[in-house]
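Overview (structure and organization)
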Amino acid sequence: MQAAPVSALSTLADPPARMVDGAAMDYLLIEAVNALRVSSAVASARAKKIERDMVEAGLVPPPPPAAKQQNPRDSTSSTSGKISGPADEDEGVRSRLEVIGMHIGGNFVERLCRDRPLFSDSLDVIKFVCKDLWVSCWDKQVDNLRTNHRGVYVLQDNAFKPITRISSWEGRQEALKRAKLYVALPAGIIRGALSRIGFQGTVVPEITTLPQCTFQIKLPKNT
């Protein structure tokens, strides 16, 4: 009669693994990017409407007019030009995807590290990310790992799974622009996993040629 509660507690502490189709994560990421893009556009329009209503009511001063370029020969990267709206919306989508990824990575790494001893140093943690975390999330290990032994690590995946099928009829640059959104969630997963282990750092993804992707991880020197 006493075995049932023990069995229930054991199942609660170590629940059985549930398997899903490998393509489910690809579809989830696609739908998440689309949903967050629409959500970001709605939130931006709502904020602009609230600001416009407050200006019309005299509660806040009107915003200054957008500056225009005086010299037509100015560089297109000049800050005096008009900032494009879609770029701002994409940045908001990237930020939200990274936050979601951090939550996923933090919870996921707890299960992966359950039976592991404590990590000795930052290099040991990065090797864990390159092998265990990468295989569990993206079905392969990192192809190349470089470090300057000062807290900076560069992880290179020559065929990163989340962006292997990305293309665009508008050309290579548009495909690269789209791919940058799809690596925000993986970057958040890596950052969240490191944070949950106890290593606070930054993770910056970079894509120059599809489907290759590199992640630059910067950790404090004293870790």
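Residues numbered from 1 in each chain as written. Predicted model: local features only at pLDDT ≥ 70, side-chain atom pairs only at ≥ 80, totals over all residues. Heavy atoms only, no water.

**Structural notes on the overall build of the protein**
- Broken down by element type, the protein carries 6 helices and 4 strands.
- Listing each helix as α and each strand as β along the protein from the N terminus yields α-α-α-α-β-β-α-α-β-β.
- Contacts in the protein between residues far apart in sequence, at least 24 positions, make up 60% of those at least 6 positions apart.
- Carbon and sulfur atoms make up 56% of the accessible area of the protein, which totals about 14,800 Å². (Helix = DSSP H or I, 4+ residues; strand = E, 2+ residues; numbered from the N terminus. Contact = heavy atoms within 4.5 Å. Areas by Shrake-Rupley, 256 points an atom, 1.4 Å probe, with all protein chains shown as cover.)

**Digging into the pattern of salt bridges**
- A full pass over the atoms with the stated rule returns 10 salt bridges.
- With its nearest N and O atoms 3.0 Å apart, the salt bridge here joins K140 to D143.
- A network of salt bridges, in which partner residues are shared, links K140, D143 and D157. (Salt bridge = Lys/Arg side-chain N within 4 Å of Asp/Glu carboxyl O.)

**Some thoughts on the packing of helix α5 (residues 172-182) against helix α6 (residues 184-197)**
- Viewed as axis vectors pointing N to C, α5 and α6 meet at an angle of 35°, and their least axial separation amounts to 4 Å. For the pair formed by α5 and α6, the contact residues are K180, L181 and Y182 on the first element and A184, L185 and P186 on the second.
- Across the contact of α5 with α6, the residue classes break down as 5 nonpolar, no polar and 1 charged. (Axes fitted to C-alpha atoms, helices over the stretch in contact; angles between N-to-C directions. Nonpolar A, V, L, I, M, F, W, Y, C, P; charged D, E, K, R; others polar.)

**Section: the environment of M25**
- Looking at the secondary structure, you find M25 in helix α2 (residues 23-56).
- We classify M25 as partly exposed; its relative accessible area is 44%.
- For M25 and P162, which are 137 residues apart along the polypeptide, the C-alpha to C-alpha distance reads 8.8 Å. (Buried < 20%, exposed > 50% of the residue type's maximum accessible area, 1.4 Å probe, protein only.)

**Topic: the packing of aromatic side chains**
- Taken as a whole and assessed by the stated rule, the structure comprises 6 aromatic pairs.
- Counting every residue linked through ring pairs, the aromatic cluster contains W134, W138, F160 and F215. (Phe/Tyr/Trp six-rings, centres within 6.5 Å; stacked < 30°, edge-to-face > 60°.)

**Re the sheet that holds strand β2 (residues 152-157)**
- In space, the 4 strands of this open sheet follow the order β1-β2-β4-β3, with antiparallel pairing throughout. The sheet is open, and its two edges are formed by β1 (144-147) and β3 (202-206), each paired on a single side. When strand polarity is set aside, the average angle formed by the axes of neighbouring strands in this sheet is 20°.
- Of the pairings in the sheet, the one linking β3 to strand β4 (residues 213-218) comprises 5 bridges and is antiparallel in character. From the neighbouring strand, P205 faces β4, where its bridge partner is F215.
- Those strands touched by helix α4 (residues 122-138) are β1, β2 and β4, and its axis lies near 15° from that of β2. (Pairing = 2+ DSSP bridges.)

**A short note on the confidence of the model for the protein**
- In this model, the protein carries an average pLDDT of 82, and 83% of its residues clear a pLDDT of 70 or more.
- Mean pLDDT values over the elements of the protein span from 63, in helix α1 (residues 3-13), up to 96, in β4.
- Scored below 50 in pLDDT, residues 69-84 makes 9 contacts in the model with residues more than four places away or belonging to other chains. (pLDDT = per-residue confidence, 0-100.)

**A look at the nonpolar core**
- In this structure, W134, L155, I163, I190, L194 and I217 are the most contacted members of the largest nonpolar core, which totals 41 residues.
- Contributing elements (two or more residues each) for this core: α2, α3 (85-112), α4, β2, α5, α6 and β4.
- The dominant element in this core, judged by the number of residues it contributes, is α4, at 8 residues.
- Apart from residues no more than four positions distant in its own chain, L194 is found in contact with V125, V129, F199, V203, I217 and L219. (Core = buried A, V, L, I, M, F, W, Y, C linked by side-chain atoms within 4.5 Å.)

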